[in-house]
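A structural walkthrough
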Amino acid sequence: MLNKIWAGMILLSFFCALATGRMEALSQAVLEGSQQAVELTLSMAGMMCAWTGLLRIAEQGGVTALLSRLLAPITRRLLPGVSPKGEAMEAVSLNLTANLLGLGNAATPLGIAAMKALVRENAQGEPLPNRAMVRFVVLNTASIQLIPTYIAALRAQYGSASPFDITPAVWLVSAAALIAALGMCRILESRRRHG
């Protein structure tokens, strides 16, 4: 569906430029947009490589095990049935840490690894997805960001004088989103149990 929307927008732009005699402006915009996309991708790739490397070093150095223990009081309540000292909880903690640091793109592969570990750990044989998996997806999607790294990098790329000045707003919005998402998750879980 999204491909059809994009194709429609491209065709509409082409026909509007043709009808108004602005084909040269359209060509110029396409070239400039392509160049900016490549520049943005390269600058983001550098940041993502650096943070992903640091997260890998943290994992090898045992920092993820420490994070898992620090986050255990929260994750134990939010992810029922998951072993607090198991591989799945370490993977979940690493994903949550990446999200706390505002590294949404780096958190994606970590989230996939965490979900695979949750599937392997489903020793109770519950139907999949189980409650812990659903809650993990909610935590991953509506995560709190302490440092909005990705957004700040985008703002810096486009000339913001103080790219991190949005941090308090990000804290507020991400906390509200997480509370609302977990609340809805709880409501739907209770309906499922009673319904």
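Here we summarise the structure given alongside this text. Treat the numbers as computed from the prediction; the structure is a model and nothing was measured.

This paragraph deals with the overall build of the chain. The helix and strand tally for the chain stands at 8 helices and 0 strands. Helices and strands appear in the chain in the N-to-C order α-α-α-α-α-α-α-α. Radius of gyration (C-alpha) of the chain: 21 Å, far over the 16 Å computed for a compact globule of 195 residues. Along the longest, intermediate and shortest principal axes, the C-alpha atoms of the chain span 65 × 45 × 30 Å. Counting only residues that meet the buried cut, the chain has 30% of its 195 residues in that class.

Before going further, it helps to examine a nonpolar patch on the surface. Taken together, the side chains of Met1, Leu2, Ile5, Trp6 and Met9 present a nonpolar region at the surface, about 600 Å² in accessible area. The topology assignment puts Ile5 in helix H1 (residues 2-20).

For helix H7 (residues 149-157), the full list of buried residues reads Thr149, Ala152 and Ala153. Seen end-on, H7 carries its buried residues on one side only, within an arc spanning 100°. Those residues of H7 that are buried are in contact with helix H2 (23-60). Gly159 sits one or two positions beyond H7 and adopts a positive phi of about 95°.

This part covers the packing of aromatic side chains. Under the counting rule described, the total for this entry stands at 1 aromatic pair. A ring pair is formed by Phe14 and Phe15, whose centres lie 5.6 Å apart and whose planes are at 70°; its orientation type is edge-to-face. Looking at Phe14, the relative accessible area reads 36%, which means it is partly exposed.

On to the pattern of salt bridges. Per the counting criterion, the structure on display carries 4 salt bridges. Two residues, Glu87 and Arg120, come together in a salt bridge whose shortest N-O distance is 2.5 Å. Linking Glu87 in helix H4 (residues 87-100) with Arg120 in helix H5 (residues 104-120), this pair joins segments that are 33 residues apart in sequence. By relative accessible area, which is 54% here, Arg120 ends up exposed. Taking the shortest distance from any N to any O, the salt bridge between Asp165 and Arg155 comes out at 2.6 Å. Residue Asp165 is found in the loop between H7 and helix H8 (167-194), and its partner Arg155 is found in helix H7; the two are separated by 10 residues along the sequence. In the salt-bridge network here, residues are joined through shared partners; they are Arg131, Arg135 and Glu189.

This brings us to the packing of H4 against H5. Any two packed helices are characterised by the angle at which their axes cross and by the distance between the axes. H5 packs onto H4 with a crossing angle of 165° between their chain directions and a minimal axis gap of 8 Å. Viewed along their axes, H4 and H5 adopt a mutual orientation that is roughly antiparallel. As H4 packs across H5, the resulting crossing turns out to be left-handed. Taken together, the residues of H5 that come into contact with H4 (itself represented by Glu87, Ala88, Ala91, Val92, Leu94, Asn95, Ala98 and Asn99) are Gly104, Ala107, Leu110, Gly111, Ala113, Ala114, Ala117, Leu118 and Arg120.

Conventions used here
Residues numbered from 1 in each chain as written. Predicted model: local features only at pLDDT ≥ 70, side-chain atom pairs only at ≥ 80, totals over all residues. Heavy atoms only, no water. Helix = DSSP H or I, 4+ residues; strand = E, 2+ residues; numbered from the N terminus. Rg over C-alpha atoms; globule rule 2.2 N^0.38 Å. Buried < 20%, exposed > 50% of the residue type's maximum accessible area, 1.4 Å probe, protein only. Patch = residues over 30% accessible without salt bridge, like charges linked within 9 Å, V, L, I, M, F, W, Y side chains within 5 Å. Areas by Shrake-Rupley, 256 points an atom, 1.4 Å probe, with all protein chains shown as cover. Salt bridge = Lys/Arg side-chain N within 4 Å of Asp/Glu carboxyl O. Arc of directions from axis to C-beta. Contact = heavy atoms within 4.5 Å. Phe/Tyr/Trp six-rings, centres within 6.5 Å; stacked < 30°, edge-to-face > 60°. Axes fitted to C-alpha atoms, helices over the stretch in contact; angles between N-to-C directions. Parallel < 35°, antiparallel > 145°, perpendicular 65-115°, else oblique. Left-handed = near helix turned anticlockwise from the far one by under 90°.

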